[in-house]
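Architecture at a glance
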Amino acid sequence: MGPAILFCPADRPERYAKAAGRADAVIIDLEDAVAQENKGAARLALRESCLDPARTIVRVNPVDTGHFAKDLEALQHTSYTTVMLPKVQSGAQPARLADYDVVALCETAAGIAHAAQIAAAENVVALMWGAEDLVASLGGTSSRHDDGSYRQVASFARSQVLIHAAAQGKAAIDSVYLDIPDSEGLFLESQDAKASGFAAKASIHPNQMQIIRQAYAPTAAEVQLAKRILAEAELHPGAFSLDGKMVDEPLLIQARATLDRAGNLA
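Residues numbered from 1 in each chain as written. Predicted model: local features only at pLDDT ≥ 70, side-chain atom pairs only at ≥ 80, totals over all residues. Heavy atoms only, no water.

Broken down by element type, the protein chain carries eleven helices and ten strands. A compact globule built from 266 residues would reach a C-alpha radius of gyration of about 18 Å, and the protein chain, at 20 Å, matches this within 12%. By principal-axis analysis of the C-alpha atoms, the protein chain measures approximately 65 × 40 × 35 Å. Considering the protein chain as a whole, with its 266 residues, one finds that 46% of them fall into the buried category. Pairs at least 24 residues apart make up 60% of the contacts formed inside the protein chain by residues separated by at least 6 positions. In the structure as shown, the protein chain presents an accessible area of about 12,900 Å², 53% of it carried by carbon and sulfur atoms. Each charge sign in the protein chain was given a centre, from 24 positive and 33 negative side chains, and these centres are 3 Å apart. (Helix = DSSP H or I, 4+ residues; strand = E, 2+ residues; numbered from the N terminus. Rg over C-alpha atoms; globule rule 2.2 N^0.38 Å. Buried < 20%, exposed > 50% of the residue type's maximum accessible area, 1.4 Å probe, protein only. Contact = heavy atoms within 4.5 Å. Areas by Shrake-Rupley, 256 points an atom, 1.4 Å probe, with all protein chains shown as cover. Lys, Arg positive; Asp, Glu negative; His and termini not counted. Charge placed at Lys NZ, Arg CZ, Asp CG, Glu CD.)

Right, let's get into the layout of surface pockets. Taken as a whole, the largest pocket spans an internal volume of roughly 1,200 Å³. Lining the largest pocket are 44 residues, and of these Lys194, Gln254, Ala257, Thr258 and Arg261 lie nearest its centre. Contributing elements (two or more residues each) for the lining of the largest pocket: β5 (101-106), β6 (124-129), β7 (171-174), α8 (183-196), α9 (208-216), α10 (220-235), β10 (245-247) and α11 (249-264). Of the residues that constitute the lining of the largest pocket, the class distribution is 27 nonpolar, ten polar and seven charged. Looking at the second largest pocket, its volume works out to about 290 Å³. Of all the secondary structure elements, the ones that give two or more residues to the lining of the second largest pocket are β6 and α6 (131-137). Each residue belonging to the lining of the second largest pocket can be placed in one class, and the counts come to nine nonpolar, three polar and seven charged. (1 Å grid on protein atoms, 1.4 Å probe; cavity = no way out; pocket = protein on both sides within 12 Å on 5 of 7 lines; lining within 4 Å. Points joined across faces, edges and corners; volume = space filled by probe spheres on them. Nonpolar A, V, L, I, M, F, W, Y, C, P; charged D, E, K, R; others polar.)

Note that side chains of opposite charge can pair when their charged atoms are close. Tallying each qualifying case throughout the model produces 18 salt bridges. Glu31 is the partner of Arg59 in a salt bridge, and the nearest nitrogen-oxygen pair spans 3.3 Å. Placement of Arg59 in strand β3 (residues 56-59) and of Glu31 in the loop between β2 (25-29) and α2 (39-48) is noted, with a sequence separation of 28 residues between them. The buried category is assigned to Glu31, whose relative accessible area is 5%. Here the salt bridges do not stand alone but share partners, grouping Asp29, Glu31, Asp32, Arg59, Lys87, Glu107 and Asp133 into one network. (Salt bridge = Lys/Arg side-chain N within 4 Å of Asp/Glu carboxyl O.)

Glancing now at the packing of aromatic side chains. Given two aromatic rings, one states the distance between the centres and the angle between the planes to describe the pair. Counted by the stated rule, this structure contains one aromatic pair. The ring of Tyr150 has Arg144 lying over it, and the distance from NZ or CZ to the ring centre is 4.0 Å. (Phe/Tyr/Trp six-rings, centres within 6.5 Å; stacked < 30°, edge-to-face > 60°. Lys NZ or Arg CZ within 6 Å of the ring centre and 35° of its normal.)

Within β6, five of the six residues are buried, which leaves it mostly tucked inside the rest of the structure. As paired strands, β5 and β6 are joined by five bridges and run parallel to one another. Pairing of Cys106 across the sheet is with Trp129, part of β6. (Pairing = 2+ DSSP bridges.)

Around the barrel, eight strands lie side by side as β1-β2-β3-β4-β5-β6-β7-β8; this closed barrel has parallel pairing. This sheet shows a mean twist of 25 degrees between the axes of neighbouring strands, independent of strand direction. Taken together, the two bridges between β3 and strand β4 (residues 82-85) define a ladder with parallel strand orientation. By the bridge assignment for β4, Val58 is matched with Val83. (Axes fitted to C-alpha atoms, helices over the stretch in contact; angles between N-to-C directions.)

We now examine the UniProt feature "domain: HpcH/HpaI aldolase/citrate lyase" (unreviewed entry) in the protein chain. Cross-referencing UniProt, the feature "domain: HpcH/HpaI aldolase/citrate lyase" (unreviewed entry) maps to residues 5-206 in the present numbering. Along residues 5-206 the backbone is 37% helical and 19% strand, and the end-to-end C-alpha distance reaches 9 Å. (UniProt positions renumbered as here; feature names shortened; annotations may be inferred.)

Moving on to the pairing of β3. Here β3 shows two buried faces, one formed by Thr56 and Val58 and the other by Ile57 and Arg59. Pairing between β2 and β3: four bridges, direction parallel. Opposite Ile27, over in β3, you have Ile57 as the bridge partner. As a crossover connection, the stretch from β2 through α2 into β3 is right-handed. Since β3 and β4 lie parallel, the crossover through helix α3 (residues 67-75) that links them has a hand, and here it is right-handed. (Right-handed = clockwise from strand over helix to strand, strands pointing away.)

Let us now look at the environment of Leu188. Residue position: Leu188 is located in helix α8. A relative accessible area of 47% means that Leu188 is categorised as partly exposed. Sequence separation of Leu188 and Ile212 is 24 residues, and the distance between their C-alpha atoms is 9.3 Å.

What follows is the structure, encoded as structure tokens:
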């Protein structure tokens, strides 16, 4: 799965195929994107959909809502096998979806506090974090400063999700960028997500897809350097110097990851 993931409201089935055509993966959203009065229609549209299960994630409503059981019943009539569970509070909650691979969305204070246990849950395949829901759960008003940078608490939560996902060998997905016209801000944040280790970035608008892909794609200079590092490593069994900088195993791992990403995004 590539790095550009797109949310699509479940009650807008006419957008499903378009979203799938633009994104590396689509999140059919039964939760926040659907008004209460449209939940039933959204479930019906989900049942009648036929996107590629390998590139489709279904976001259900939280387990402590009256919608969760109805969402699960609708999901059972589809071929989709990956579910995004929002507002996960503990490592036990993903077990409510025992027959599915779960993308656990840590977007509350409890979710961040228990990120290690959530990441360790057997059927969790990835963690994602949500900035605005997190800040709302803290009683705050905004996850970002006026210049667009994250507040310290949001940056801490982002790091917690990434680190605990990696510790369990799970993927981490970066939160959405809400300022749709700000292409430069999205590009820079996506570059940071790639450099930090996030496998992908979620998004809310089709126009953000190509920007995320461009940010994740290694530059020609990065690919050339990675090839040089690995070529030199063949001649030096241990640490060595290249262009005045020491190269050891962590840099070899990064070089291999760069070439893998270049191949996957080609």
